[in-house]
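Architecture at a glance
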Amino acid sequence: MGIDVQARDGIVAVVIDFPPVNALPAQGWYDLAAAITTAGADQETRVVILRATGRGFCAGVDIKEMQRLPGNEGILRASQGCFAAFAAVYECPVPVIAAVQGFCLGGGIGLAGNADVIVAADDATFGLPEVDRGALGAATHLARLVPQPLLRAMVYTCQTVTARQLLDFGTVLRVVPAAELMAAANAVAAQIAAKDRFVIRLAKQSLNGIDPVDVKRSYRYEQGFTYELNLAGAGDRARQAFVDGHREPASAGNPEPASAGNPEPASAGNPEPASAGNPEPASAGNTE
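What counts as what
- Residues numbered from 1 in each chain as written.
- Predicted model: local features only at pLDDT ≥ 70, side-chain atom pairs only at ≥ 80, totals over all residues.
- Heavy atoms only, no water.
- Phe/Tyr/Trp six-rings, centres within 6.5 Å; stacked < 30°, edge-to-face > 60°.
- Helix = DSSP H or I, 4+ residues; strand = E, 2+ residues; numbered from the N terminus.
- Buried < 20%, exposed > 50% of the residue type's maximum accessible area, 1.4 Å probe, protein only.
- Lys NZ or Arg CZ within 6 Å of the ring centre and 35° of its normal.
- Axes fitted to C-alpha atoms, helices over the stretch in contact; angles between N-to-C directions.
- Parallel < 35°, antiparallel > 145°, perpendicular 65-115°, else oblique.
- Left-handed = near helix turned anticlockwise from the far one by under 90°.
- Contact = heavy atoms within 4.5 Å.

**Considering the packing of aromatic side chains**
What characterises a pair of aromatic rings is the spacing of the ring centres plus the angle enclosed by the ring planes. With the rule as written, the count across this model stands at 4 aromatic pairs. Ring geometry for W29 versus F86: centroids 5.9 Å apart, planes at 90°, classification edge-to-face. Taken together, the positions of W29 in helix 1 (residues 26-41) and F86 in helix 3 (residues 73-91) put the pair 57 residues apart, joining distant regions of the chain. The pair W29 / F86 is uniform in exposure class, with both members buried. An aromatic cluster is present here, built from W29, F83, F86 and Y219 joined pairwise through their rings. Between R220 and the ring centre of F83, over which it is positioned, the NZ or CZ distance is 5.6 Å.

Given below as C-alpha cells:
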C-alpha cells in the first residue's frame, strides 16, 4: 500500500495504491511528488505513466485523517502535499500519461489535469466534490479538461462528466474497455519512448513555456479560498459532516443521499458498488 514505482525500457509507472478508493493521506501526496520527480530526473526515463490500483484512479484526500490531526495541521499538510504532487506532474521533464479508471475526483483531477496525456477506461468519471466538502481547488486543472461554462456548472453542482464526454472535447486521447487500459497506456508510452529523448524533454519544456495559464499560481490562488473557508469554520463543518456520515443531499450527480447508517472506510470514500447513476464514490475526498 502506498506509492509504487516500476521501470522498464525507459517507461516508468508510478502507481497509486491506497485502498479502498485511493484517497491519499497527506504523506501519500508528498511520496507521489517525490516518485514522479525522481523518475523525471533519471536521464534514462523517457515517459512516466501515472496509474492506480483498484476500482478508481483517485478519490482525493483522506478527509478522516485531516479531521484526526490537531488544529490546522491536517488541512495544511494535505494542501501542501497536493500542491507538490500536482506541480511534480506538470514539471516532470518527460511526458506524463495518466491512465484513469473508475472515479477521478478532487485531487485526482489535479493529477490528471496536469498530465500531458490522458488514456481512460470507459467507466471513468471526472469531477470536483469540493463545494460539498467546504473547500475549493483544482478548478485550475479541470479547466484543462472541460469548457468554461461546463466547468462552472461542475464546480457549483459537484456533478461529474464521463471519459467519453472528455474524448469528444479532445482532452482525453483514448477511451478503452477497463481491461485494456494499461495496454492502451503502454502503447502510447512506447510511441513516446521511441522518440529522441533529448528532443522529447525539450518538447515538454517548450509546451509548458507556452501554456496560457500558470497552473501553479492559479491553483495557489484557489487554495487561498479554501484557507478562508477553513478560518470561517465552513470547511471544518463540511469535513466533520462527511466523517459523521452526513453527506450532501441527492442531486443529478449523486442521486443516493447517504445517511449516518452508511459507514465508510477509514480513508475518505464510499465502499458501496458504483451504479449507473452514481459511478463515483459519493463521499470521495476533496483536495485543497
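Picking up after the structure, the text goes on.
**Quick notes on the packing of helix 3 against helix 10 (residues 215-232)**
In contact at an axis separation of 11 Å, helix 3 and helix 10 are set at 165° when each is read in the N-to-C sense. Judged by the inter-axis angle, helix 3 sits roughly antiparallel to helix 10. As helix 3 packs across helix 10, the resulting crossing turns out to be right-handed. On the side of helix 3, the interface is formed by I75, L76, S79, C82, F83, F86, A87, Y90 and E91, while helix 10 contributes V215, K216, Y219, R220, Q223, T226, Y227 and N230.

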